[in-house]
Amino acid sequence: MASPLTPLLLFLIFLLLSNPAVSLPTPDYQTDCLNVPNSVFSTSIKTAIVEVQKAVSVISKISHTFHNFRLFNAVNDCSDLLDLSSDELMWTQAAIESVKSNGTGDRASDLKAWLSAALGNQDTCLDGFDGTDGIVKSIVSGTLKEATAVVANVLKMVRQIPGKKRSGGSPAWIYGGIRRLLQAPASSVAVNVTVALDGSGNFKSVNDAVLAAPDYNVRRYVIYVKRGVYRENVEIKKKKWNLMLIGDGMNATIISGNRSFVDGWTTFRSATFAVSGRGFIARDMSFENTAGPEKHQAVAFRSDSDLSAYYRCGFYGYQDTLYAHSLRQFYRECRITGTVDFIFGDGAVVFQNCQILARKPLHNQKISITAQGRKDPDESTGFSIQFCNISADSDLLASPNASDTYLGRPWKPYSRTVFMQSYLDSVIEAEGWLEWEGDFALTTLYYGEYRNYGPGAGLSGRVKWPGYHMINDSAEANKFTVAQFIDGNLWLPETGVKYTSGLGV
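Quick caveat: nothing in here was measured; it's all calculated off a predicted structure.

Trainee: Please clarify how the state of the cysteines should be interpreted in this entry.
Mentor: Here, disulfide denotes a covalent bond that connects the sulfur atoms of two cysteines. Evaluation of the coordinates by the stated rule reveals one disulfide. Disulfide pairing places C78 opposite C125 at an S-S distance of 1.9 Å. In this structure the cystine formed by C78 and C125 twists about its S-S bond by roughly 90°; its chirality is therefore right-handed. Separated by 47 residues along the polypeptide, C78 in helix α3 (residues 69-97) and C125 in helix α4 (residues 107-127) bring together distant segments of the chain. C334 supplies the cysteine sulfur nearest to C313, a cysteine that is in no disulfide, at a spacing of 5.1 Å.

Trainee: Mind showing me how you'd approach unusual backbone geometry here?
Mentor: If a residue is not glycine, its phi is most likely negative; likewise, a peptide bond is most likely trans. Unusually for a residue other than glycine, F387 sits at a positive phi of about 60°. Among the structural elements, F387 can be located in the loop between β20 (382-386) and β21 (389-392). Overall, F387 belongs to the partly exposed group, its relative accessible area being 24%.

Trainee: Just to check I follow, could you spell out the packing of α3 against α4 for this structure?
Mentor: The relative placement of two packed helices is expressed as an angle between their axes plus a distance between the axes. Taken N-terminus to C-terminus, the directions of α3 and α4 make an angle of 160°; their axes are 9 Å apart at the nearest point. Classified by the angle their axes make, α3 and α4 are roughly antiparallel. Along this stretch, α3 crosses α4, giving a crossing that reads as left-handed. Contacts between α3 and α4 pair C78, L81, L82, L84, S85, E88, L89, W91, T92, A95 and I96 from the former with R107, L111, W114, L115, A117, A118, N121, Q122, T124 and C125 from the latter.

Trainee: I'm lost on α3 in this one. Help?
Mentor: Residues spaced three or four apart along an α-helix point in a common direction, a consequence of the helix completing one turn every 3.6 residues. Taking 1.5 Å as the rise per residue, α3 with 29 residues should run 42 Å; its terminal C-alpha atoms sit 42 Å apart, in good agreement. Among the 29 residues that make up α3, 21 are buried, leaving the element largely enclosed by the rest of the structure. Structurally, the start of α3 carries an N-cap: the backbone nitrogen of R70 is 3.1 Å from a side-chain oxygen of N68.

Trainee: Quick question: what am I supposed to make of the side chain of S270 here?
Mentor: Its place among the elements puts S270 in the loop between β6 (253-257) and β7 (273-275). A polar side-chain atom of S270 sits 2.8 Å from the main-chain carbonyl oxygen of T267. Among the polar contacts made by the side chain of S270, one reaches the main-chain amide nitrogen of V299 at a distance of 3.1 Å. Ignoring sequence-local partners within four residues, the contact set of S270 consists of N233, R259, S260, W265, N289, Q297, A298 and V299.

Trainee: I'm lost on the packing of aromatic side chains in this one. Help?
Mentor: Each aromatic ring pair is specified by the distance between its two centres and by the angle formed by the two planes. On inspection of all chains with the given rule, the structure shows 27 aromatic pairs. Pairing F69 with W265 gives two aromatic rings, centres 4.9 Å apart and planes at 80°, and the pair type is edge-to-face. One end of the pair, F69, is in helix α3; the other, W265, is in the loop between β6 and β7, and 196 residues separate them in sequence. A relative accessible area of 38% means that F69 is categorised as partly exposed. Ring centres of F273 and F280 lie 5.8 Å apart, and the angle between their planes is 35°; on these two criteria the pair is classed as tilted. In this structure, F273 and F280 share a single accessibility class: buried. Members of the aromatic cluster, joined through ring pairs, are F273, F280, F287, F301, Y310, F315, Y331, F351 and F383. Against the face of Y318 rests R359, its NZ or CZ located 4.2 Å from the ring centre.

Trainee: What am I meant to see in the sheet that holds strand β16 (residues 340-345) here?
Mentor: Pairing between the strands of a sheet is mediated by backbone hydrogen bonds and can be parallel or antiparallel. Across the sheet, seven strands lie side by side as β4-β7-β10-β13-β16-β19-β22; this open sheet has parallel pairing. Lying at the two open borders of the sheet, with one neighbouring strand each, are β4 (234-236) and β22 (405-408). With direction set aside, neighbouring strand axes in the sheet form an average angle of 10°. Both β7 and strand β10 (residues 301-303) contribute to a ladder of three bridges, which runs parallel. Counterpart to F273 in the pairing with β10 is F301.

Trainee: In this structure, what is going on with the sheet that holds strand β12 (residues 314-316)? I would like to understand it.
Mentor: One open sheet holds the eight strands; their spatial order is β3-β6-β9-β12-β15-β18-β21-β24, and the pairing between them is parallel. Edge strands, defined here as strands with exactly one partner in the open sheet, are β3 (228-231) and β24 (423-424). Taken together, the four bridges between strand β18 (residues 355-358) and β21 define a ladder with parallel strand orientation. Pairing of I356 across the sheet is with I390, part of β21.

Trainee: Any chance you could explain the nonpolar core here in plain terms?
Mentor: Among soluble globular proteins, nonpolar side chains are generally buried collectively. Core analysis: the largest hydrophobic core is formed by 58 residues, its most contacted members being F273, F280, F301, F315, Y331, F351 and I356. Sequence-distant contacts of F351, that is, excluding residues within four places in its chain, are made with L322, Y331, I336, I343, S384, I385, Q386 and C388. Counting 51 residues, the second largest nonpolar core, distinct from the first, contains V75, L115, V150 and M157.

Trainee: When you look at α4 in this model, what are you seeing that I'm missing?
Mentor: Helix length check: α4, at 21 residues, gives a terminal C-alpha distance of 30 Å against a target of 30 Å (1.5 Å per residue), a fit within 8%. Of all 21 residues in α4, 19 are buried; the element is thus mostly enclosed. Sitting at the amino-terminal end of α4 is D106, which places a side-chain oxygen 3.3 Å from the backbone nitrogen of A108.

Trainee: It is not clear to me how the environment of P37 should be interpreted in this structure. Could you clarify?
Mentor: Along the chain, the position of P37 falls in the loop between α1 (7-18) and α2 (38-62). For P37 and M157, which are 120 residues apart along the polypeptide, the C-alpha to C-alpha distance reads 9.4 Å.

Basis of the calculations
- Residues numbered from 1 in each chain as written.
- Predicted model: local features only at pLDDT ≥ 70, side-chain atom pairs only at ≥ 80, totals over all residues.
- Heavy atoms only, no water.
- Disulfide = S-S within 2.5 Å.
- Helix = DSSP H or I, 4+ residues; strand = E, 2+ residues; numbered from the N terminus.
- Buried < 20%, exposed > 50% of the residue type's maximum accessible area, 1.4 Å probe, protein only.
- Axes fitted to C-alpha atoms, helices over the stretch in contact; angles between N-to-C directions.
- Parallel < 35°, antiparallel > 145°, perpendicular 65-115°, else oblique.
- Left-handed = near helix turned anticlockwise from the far one by under 90°.
- Contact = heavy atoms within 4.5 Å.
- Expected span 1.5 Å × (residues − 1).
- Polar contact = N/O pair within 3.5 Å; in protein donor to acceptor, adjacent residues only side chain to side chain.
- Phe/Tyr/Trp six-rings, centres within 6.5 Å; stacked < 30°, edge-to-face > 60°.
- Lys NZ or Arg CZ within 6 Å of the ring centre and 35° of its normal.
- Pairing = 2+ DSSP bridges.
- Core = buried A, V, L, I, M, F, W, Y, C linked by side-chain atoms within 4.5 Å.

What follows is the structure, given as structure tokens:
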């Protein structure tokens with residue numbers, strides 16, 4: 001027999017019927033990718049935004065008080081990096097509070113990617129003060145302490161859903177009509193503007209074309225850069241969404257610069273070409289830093305562009321050539337050269353079918369191909385190098401130190417890099433991997449190799465570190481594929497870039 005309605009329940013029903021504006025309290029639901037209720041997560045995100053913006057305010061007040069060039073650059077780097085963190089935290093907040101997303105649509109993946117970037121930016125800010133007044137670095141460090149702690153705590157609240165299928169679909173913020181852009185000859189592609197050194201285009205410099213592009217564009221905006229060497233430093237700011245640069249070929253269209261650490265630039269600011277606007281694509285062109293090995297850190301290309309793709313591009317330099325600084329990136333059929341840590345950063349990145357060439361370093365300098373910068377175990381970042389050719393460039397082959405080359409070394413405590421199904425030439429040392437300093441990170445890093453081949457792929461002499469893995473399980477290797485590691489099936493089809501989603505076997 002049904003229980004009679006209680007007086008309180010009858011009163012609530014009467015109240016709702018007589019006054020539709022009155023509603024019952026809403027339960028505090030928990031999104032499936034969170035370890036905490038939505039309200040707790042949302043409150044924590046808002047706190048993180050406030051703390052980051054406090055730090056921005058403090059640093060902006062001191063940005064014009066230094067006459068030292070390197071110190072001035074370091075402070076400006078911090079302002080830009082914290083501005084990026086603020087955006088990434090706001091994207092996270094919007095993804096929780098709205099069904100719409102500016103990411104892939106996989107909420108867990110998006111939140112992990114954005115929060116990982118927001119956390120890593122603080123480290124890059126502090127790294128920029130290397131070689132400067134330690135007092136200023138300590139002041140900035142104190143300013144960032146609370147913001148860093150809050151962002152790290154928020155990141156821990158997000159969990160990846162085990163076994164979740166990730167396939168199909170495209171980002172809601174990219175429209176169609178570009179699937180064939182990367183396959184068609186440049187001359188047959190409908191472009192928005194053309195850059196040409198000889199004045200036959202709309203602009204003579206790449207920078208001018210970028211500045212003229214619309215902000216927050218949801219449609220692909222195509223810039224055709226005709227053959228030639230463009231001696232300029234280009235920066236695509238965070239407001240420039242969905243830009244696509246097309247050149248006349250890897251050896252024909254080249255953007256060239258020579259900024260370096262030795263000349264007073266921070267590593268972050270030394271980049272010949274830097275992009276922060278989301279959804280960037282580059283095809284058939286090259287980016288180089290000609291400072292040379294003696295100038296140490298000298299970046300050719302830096303990317304903070306989420307869901308960005310690079311197809312048939314060249315990245316040429318020596319130390320710190322390619323700075324995959326943050327967020328999700330994909331490189332296909334590219335050519336990358338360098339000496340020390342020449343693929344580095346804290347992005348979640350997959351390289352497929354690329355040629356990675358070690359160049360001749362300075363005397364007594366060891367070559368390390370990668371230096372991945374994951375600082376927290378909850379970050380979703382790392383490097384996956386699949387179907388690539390790892391060899392020596394011609395200058396290294398001709399030198400007596402042609403074998404002093406290693407797959408990577410741990411820049412940060414949770415550095416993560418995997419080489420899979422790639423050709424490793426004899427240039428690779430038997431140990432495979434190199435220490436950063438003593439036993440730093442050797443128990444916390446994740447370095448792996450899976451079904452590589454070639455004279456440098458033998459595993460018998462590899463390092464015995466706790467964090468090194470000889471991967472034999474295909475399920476483990478699958479975690480580092482395009483489909484799983486960067487959710488490529490959700491966004492790469494719309495770019496038109498070729499890719500293999502899994503292990504290809």
